[in-house]
Amino acid sequence: MDKFIMTIVVILLVYLYVYAIVNRICKCIEHHTEYKYPSWSEFPHTNSNDECCRRKEDD
C-alpha cells in the first residue's frame, strides 16, 4: 500500500512540474506574440469619432 501512495504522490508531483513548465512557456510565447501582433483594441482606427472605436489614450 505504501508503494501505491508513493507512486501517486510522485505522479502528482511530476504532473505539477510539467504543468508549471508548460504554463511558463505558454505565457512567454503569449507575451512575445502580443508584442509582435497587438490586439485589435490597440490598432488606430480610421473613424476616431465613433465612441465604440475610440482608443484608450483619447479618453
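Residues numbered from 1 in each chain as written. Predicted model: local features only at pLDDT ≥ 70, side-chain atom pairs only at ≥ 80, totals over all residues. Heavy atoms only, no water.

Concerning the overall build of the protein
Then, number 1: Counting its regular elements, the protein contains one helix and zero strands.
Then, number 2: Each of the 59 residues in the protein was classed as buried or not, and the buried ones make up 0%.
Then, number 3: About 6100 Å² of surface is accessible on the protein, with carbon and sulfur atoms providing 63% of the total. (Helix = DSSP H or I, 4+ residues; strand = E, 2+ residues; numbered from the N terminus. Buried < 20%, exposed > 50% of the residue type's maximum accessible area, 1.4 Å probe, protein only. Areas by Shrake-Rupley, 256 points an atom, 1.4 Å probe, with all protein chains shown as cover.)

Some words on the state of the cysteines
Then, number 1: Counted by the stated rule, this structure contains zero disulfides.
Then, number 2: For C26, which is in no disulfide, the shortest distance to another cysteine sulfur is to C28 and amounts to 9.9 Å. (Disulfide = S-S within 2.5 Å.)

Some details on the packing of aromatic side chains
Then, number 1: Tallied over the full model, the rule gives one aromatic pair.
Then, number 2: Between the aromatic rings of Y15 and Y19, the centroid separation amounts to 6.3 Å while the plane-to-plane angle is 25°, which identifies the pairing as stacked. Taken together, the residues span about one helical turn, with Y15 and Y19 both in helix 1 (residues 2–36) at a distance of four residues.
Then, number 3: Residue classification places Y15 among the exposed positions, given a relative accessible area of 53%.
Then, number 4: Residue Y19 is classed as partly exposed on the basis of its relative accessible area of 48%. (Phe/Tyr/Trp six-rings, centres within 6.5 Å; stacked < 30°, edge-to-face > 60°.)

Section: a nonpolar patch on the surface
Then, number 1: A contiguous nonpolar patch, built from M1, F4, I5, I8, V9, L12, L13, Y15, L16 and Y19 and spanning about 1100 Å² of accessible area, is present on the exposed surface.
Then, number 2: Tracing the chain through its elements places I8 in helix 1.
Then, number 3: In this structure I8 comes out as partly exposed when scored by relative accessible area, which is 46%. (Patch = residues over 30% accessible without salt bridge, like charges linked within 9 Å, V, L, I, M, F, W, Y side chains within 5 Å. Salt bridge = Lys/Arg side-chain N within 4 Å of Asp/Glu carboxyl O.)

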